[in-house]
Amino acid sequence: MTDTVLTVEQMRATERAAMEAGVSEWELMQRAGEGAAQWIMRVAAGRPVAVLCGPGNNGGDGYVIAETLIRRGYEVQVIAPLEPRSETAQQARAHYSGAVFAATTMREPVVIDCLFGYGLTRKVEGEFAELLEQMASSHCYKVAIDVPSAVESDTGSVLGPLPDYDLTLALGAWKQAHGLMPAMAAMGERRLVPIGLDLSGARSALSRRPRLTPPAPDAHKYRRGLLAVVAGAMPGAPLLAAEAAMRAGVGYVKLLSDHDHFGAPADLVIEQGKLANTLDDERIAAVLVGPGLGRDDSARERLAQAFSCRKPGVLDADALYLLDPELLAQADPGTLCVTPHEGELQKLCEVFGIGDGSKLERARRLHDVTGMTVLAKGPDTVLASDVMTSFFPRGSSWLSVAGTGDVLAGIVASRLAVHGNPHRACEEGVWLHHEAARLASPAFTASGLAHAVKPAMAALL
Ligand SMILES: NC(=O)C1=CN([C@@H]2O[C@H](COP(=O)(O)OP(=O)(O)OC[C@H]3O[C@@H](n4cnc5c(N)ncnc54)[C@H](OP(=O)(O)O)[C@@H]3O)[C@@H](O)[C@H]2O)[C@@H](O)CC1
Ligand SMILES: [K+]
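Analysis parameters
Residues numbered from 1 in each chain as written. Chains lettered and ligands numbered in written order. Predicted model: local features only at pLDDT ≥ 70, side-chain atom pairs only at ≥ 80, totals over all residues. Heavy atoms only, no water. UniProt positions renumbered as here; feature names shortened; annotations may be inferred. Helix = DSSP H or I, 4+ residues; strand = E, 2+ residues; numbered from the N terminus. Near = heavy atom within 4 Å. Polar contact = N/O pair within 3.5 Å; in protein donor to acceptor, adjacent residues only side chain to side chain. Areas by Shrake-Rupley, 256 points an atom, 1.4 Å probe, with all protein chains shown as cover. 1 Å grid on protein atoms, 1.4 Å probe; cavity = no way out; pocket = protein on both sides within 12 Å on 5 of 7 lines; lining within 4 Å. Sits in = over half its atoms within 2 Å of the grid points. Nonpolar A, V, L, I, M, F, W, Y, C, P; charged D, E, K, R; others polar. Pairing = 2+ DSSP bridges. Phe/Tyr/Trp six-rings, centres within 6.5 Å; stacked < 30°, edge-to-face > 60°. Buried < 20%, exposed > 50% of the residue type's maximum accessible area, 1.4 Å probe, protein only. Lys NZ or Arg CZ within 6 Å of the ring centre and 35° of its normal. Donors = N, O, S within 2.8 Å, 3.2 Å for Na, K, Ca; no water. Tetrahedral: all angles 85-135°; square planar, octahedral: opposite > 155°, others 65-115°. Axes fitted to C-alpha atoms, helices over the stretch in contact; angles between N-to-C directions. Contact = heavy atoms within 4.5 Å. Right-handed = clockwise from strand over helix to strand, strands pointing away.

Draft legend 1. Seen up close, the UniProt feature "domain: YjeF C-terminal" (unreviewed entry) in the protein. According to UniProt, the positions carrying the feature "domain: YjeF C-terminal" (unreviewed entry) are residues 204-460. This span, residues 204-460, is 42% helix and 15% strand, and a straight line between its end C-alpha atoms measures 23 Å.

Draft legend 2. Main features of the site of ligand 1. The environment of ligand 1 is made up of 25 residues, and the closest members are Asn57, Asn58, Asp61, Gly117 and Asp146. In the environment of ligand 1, an oxygen atom lies 3.0 Å from a nitrogen or oxygen atom belonging to the side chain of Arg12. Look at ligand 1: alone it shows 940 Å² of surface, and the protein chains cover 84% of it. When atom positions are compared with the pocket grids, ligand 1 is found to occupy the largest pocket. Counting only elements with at least two residues in the shell around ligand 1, the list comes to α1 (8-20), α2 (25-44) and α3 (57-71). Grouping the constituent residues of the shell around ligand 1 by class yields 11 nonpolar, six polar and eight charged.

Draft legend 3. Seen up close, the sheet that holds strand β9 (residues 189-193). Ordered by their spatial adjacency, seven strands build an open sheet running β4-β3-β2-β5-β6-β7-β9, and the pairing between neighbours is parallel. Of all the strands in the sheet, the pair left with one neighbour each is β4 (100-101) and β9. As defined by bridge partners, strand β5 (residues 110-114) adjoins strand β6 (residues 141-145) across four bridges and the pair is classed as parallel. If you follow Val111 over to β6, its bridge partner there is Lys142.

Draft legend 4. Up close: the packing of aromatic side chains. Per the stated rule, a full pass over the model turns up three aromatic pairs. Ring centres of Tyr222 and Tyr252 lie 5.6 Å apart, and the angle between their planes is 45°; on these two criteria the pair is classed as tilted. Placement of Tyr222 in the loop between β10 (204-206) and β11 (226-230) and of Tyr252 in strand β12 (residues 252-256) is noted, with a sequence separation of 30 residues between them. For Tyr252, a relative accessible area of 16% puts it in the buried group. Across from the ring centre of Trp39, 4.4 Å away, lies the NZ or CZ of Arg42, which sits over that ring. Positioned above the aromatic ring of Tyr321 is the side chain of Arg295, whose terminal nitrogen or guanidinium carbon lies 3.7 Å from the ring centre.

Draft legend 5. Just the coordination of the potassium ion (ligand 2), in detail. Listed as protein donors to the potassium ion (ligand 2) are Asn58 (OD1), Asp113 (O), Phe116 (O), Ile145 (O), Val147 (O) and Ser149 (OG); their distances from the metal cover 2.6 to 3.0 Å. For the potassium ion (ligand 2), the six donor atoms in the first shell make angles of 66 to 177° at the metal, a pattern classed as irregular. Each donor residue of the potassium ion (ligand 2) belongs to the same chain, with the gaps between them written as N-x54-D-x2-F-x28-I-x1-V-x1-S. Of this pair, Asn58 sits in helix α3 while Ser149 is found in the loop between β6 and β7 (167-171), placing the two residues 91 residues apart along the sequence. Neither residue differs from the other here; Asn58 and Ser149 are each classed as buried.

Draft legend 6. Just the sheet that holds strand β19 (residues 389-391), in detail. In space, the 10 strands of this open sheet follow the order β10-β19-β18-β17-β16-β15-β14-β11-β12-β13, with mixed pairing throughout. The open sheet has two edge strands with one neighbour each: β10 and β13 (269-271). Here the average twist between neighbouring strands, direction ignored, is 20°. With three bridges connecting them, β12 and β13 associate as parallel partners. Residue pairing in the sheet places Leu256 in a bridge with Glu271 of β13. In the packing of helix α13 (residues 404-419) onto the sheet, the strands contacted are β11, β14 (284-289), β15 (313-315), β16 (336-338) and β17 (373-376), and the crossing angle to β14 comes to about 165°.

Draft legend 7. Broad picture of the pairing of β6. Most of β6 sits inside the fold, with four of its five residues counted as buried. After leaving β5, the chain enters helix α5 (residues 126-137) and then returns to the sheet as β6, a path that is right-handed. Here β6 pairs with β7 via three bridges, running parallel. For Ile145, the partnering residue across the bridge sits in β7 and is Leu169.

Draft legend 8. Here's a closer look at the side chain of Ser149. Residue classification places Ser149 among the buried positions, given a relative accessible area of 0%. Once you skip the residues sitting within four places of it in the chain, Ser149 turns out to touch Asn58, Asp113, Cys114, Leu115, Phe116, Leu120, Val124, Leu132 and Tyr165.

This is the structure in structure tokens:
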């Protein structure tokens, strides 16, 4: 799978398996270095190139890249503060026919960072840090090989100077850092250089832009999905979620609310009255509960009633503060999506006895412990389910405004009502949300975002 994401441990195991199957480390390095050089030649377009080489195999890739460029007639300078330590990198160094400088001022318009890859184990200091600082302050075109050298591959955390790269070339498979902040923000365009590894059986991937489908030829409003949005104490948030849901593919949205929604569109059906009665409708395909629900006893009662109809559901906002093992026991967790931001994720982790860890680790544990599909949203969104773990490209930073979470919940619930698949609904939800933000930017409000879900749908059809 070309979108596969591997941890360092999985990467090393996969490379070992390739070697046991008869492909040498040298051959893998050739494939990686030559593949990366193809991309570099496209962006360098004949201009001189500097390659920064570290002591490990990431540096080894650098020597292969440099030699490939020299053979294509490029003017190349390698800067390597230390001689290679690994055997394969030494072999690459020996095959490199150009000059190597221990330290020099880099004046080339294109600079390739091969100081450290997934073998980074500690803070980047001394001459390595100085080179990265020099690169950061230069106006050159910046390429990171595998990962930016100051980035820890499994966590995306930053252990030294981090230039703003134009291009990051992942080797063999994506690493978790390619989908995690703060690393992801500095990577520029991200591309994969395949090196022939067997990636079957992997359980994590970068999410691929989905292709949505129009309604079936024989569709009618119920077959396209009836979504019930359960409102509560506050009228605004569920209305916003319902407005987004109406534009994300579902055939019918009902807002179950006792408020007077004077500004609501005429095409949104609002039902007042006893929730148990309004939810007692076999045609309901999915339920959204949480935005504007409130956190008191009557909100808890409404959440319990939403569970009692045992339909696929999306829980967001206040529902995530109310949820506990006792309430969840009344639901079918395999059909539920939760869409927590960091604060809500922390609350859920406390209640379900999940200890500390990165956002990714906690999202996975929460899924393992509860069985729910967990969409941990934020600048780096991760999705944990029994299908796999998915990472996403970065969305617009304009999404950092009140109400965008309600819009996301509405979109995910709409998609869930359309097809009933929690993982797919969350993936489609994130892509539609990002696309809507792109179309509505800059400085949109949440209601502007909800309206932009319609052109976002058109873009993903
Ligand atoms: N294996 C394969 O088949 C293939 C692997 N490939 C490539 O290999 C890369 C991984 O290679 P790698 O494991 O050699 O690690 P790498 O990232 O080069 O660094 C390790 C070296 O750096 C050192 N070091 C670490 N941190 C440091 C610090 N802060 N400051 C100073 N030194 C530090 C560390 O020293 P040590 O910790 O041992 O003292 C060691 O010497 C991978 O990202 C990809 O590019 C491709 O060619 C495809 C085939
Ligand atoms: K690197």
